[in-house]
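# Fold and contact review
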Amino acid sequence: MMIWILKNWQLFATLALATALVGAGWHYRQVLAERDTAQVQVKQAQAELATKAKQDAVSAKVDASATATAQQTQIVYRAINKEVTKYVETHPANCTLPAGWVQLHNAAAIGQLPDTSGSAHDASGAAANAE
C-alpha cells in the first residue's frame with residue numbers, strides 16, 4: 001500500500017491542489033455575496049433616506065400652505081365681518097320693505113298661504129287697516 005502511495009504521489013498532490021482550489025473558490029464566492037449584500041443594504045438605506053427627505057419636504061409645503069390659508073381666511077373673515085357691521089350701523093333707516101312683501105314673507109315663514117284677494121293691500125302695496 002505504501003508503495004502504491006509513493007508511486008501515485010502526483011495523484012494525491014493533484015487532489016490536494018484541486019481541494020484547495022475548490023475551497024478558495026468557495027471562500028471567494030462567499031466574500032462576493034457578502035459584499036453584494038452590503039451594497040444592496042446601503043442602496044436601500046439611501047433610498048429610504050431620500051424618500052423620507054421627499055416626504056418631509058412635501059409635509060413642510062403642506063404645512064406652510066395650510067398655515068398661509070388659515071391666516072388668509074382669518075384676515076378675510078375679519079375684514080368682511082367689520083365691513084358688514086359698519087354698513088348696518090351707519091345706515092339702519094335705509095332698509096324699508098313694502099308691507100305687502102313683509103306679509104308674504106311672514107306668511108311663508110310660518111307655512112300659511114297669503115291672502116290672495118287683493119283687498120288687504122292698497123295701490124302702494126302697504127297693508128290697509130281693516131277695522
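## As for the overall build of the protein
When its secondary structure is counted, the protein shows 3 helices and 0 strands. With 131 residues in all, the protein has 2% of them scored as buried. On the protein, roughly 11800 Å² of surface is accessible, and the fraction owed to carbon and sulfur atoms is 64%.

## Thoughts on the packing of aromatic side chains
Applying the stated criterion to the full structure yields 0 aromatic pairs. In this structure, R29 packs its charged tip against the face of W26, placed 4.6 Å from the ring centre.

## Description of a nonpolar patch on the surface
Side chains of M2, W4, I5, L6, L11, F12 and L15 sit close together on the surface and give an oily, nonpolar patch of about 720 Å² of accessible area. When contributions to the nonpolar patch are tallied by element, the ones reaching two or more residues are α1 (2-7) and α2 (9-90). If you tally residues by element for the nonpolar patch, the top one is α1, at 4 residues. When you line up the elements, F12 lands in helix α2. Judged by relative accessible area, which is 37%, F12 ranks as partly exposed.

## Notes on the pattern of salt bridges
Under the counting rule described, the total for this entry stands at 2 salt bridges. Linking D36 and R35 is a salt bridge whose minimum nitrogen-to-oxygen distance equals 3.3 Å. Two residues, D56 and K52, come together in a salt bridge whose shortest N-O distance is 3.4 Å. Of this pair, D56 and K52 both sit in helix α2, 4 residues apart, which is roughly one turn of that helix.

## A look at helix α3 (residues 99-110)
With 12 residues, α3 extends 17 Å from end C-alpha to end C-alpha; this agrees with the ideal 16 Å at 1.5 Å per step. Once α3 finishes, G111 follows within two positions and takes phi at roughly 85 degrees, a positive value.

## With respect to the confidence of the model for the protein
Of all residues in the protein, 70% attain a pLDDT of 70 or more, and the chain-wide mean is 78. Least confident of the elements in the protein is α1, whose mean pLDDT is 77; most confident is α3, at 86. Low pLDDT, under 50, characterises residues 123-131; the stretch is placed with 9 contacts to residues that sit more than four places away or in other chains.

Rules of the game
Residues numbered from 1 in each chain as written. Predicted model: local features only at pLDDT ≥ 70, side-chain atom pairs only at ≥ 80, totals over all residues. Heavy atoms only, no water. Helix = DSSP H or I, 4+ residues; strand = E, 2+ residues; numbered from the N terminus. Buried < 20%, exposed > 50% of the residue type's maximum accessible area, 1.4 Å probe, protein only. Areas by Shrake-Rupley, 256 points an atom, 1.4 Å probe, with all protein chains shown as cover. Phe/Tyr/Trp six-rings, centres within 6.5 Å; stacked < 30°, edge-to-face > 60°. Lys NZ or Arg CZ within 6 Å of the ring centre and 35° of its normal. Patch = residues over 30% accessible without salt bridge, like charges linked within 9 Å, V, L, I, M, F, W, Y side chains within 5 Å. Salt bridge = Lys/Arg side-chain N within 4 Å of Asp/Glu carboxyl O. Expected span 1.5 Å × (residues − 1). pLDDT = per-residue confidence, 0-100. Contact = heavy atoms within 4.5 Å.

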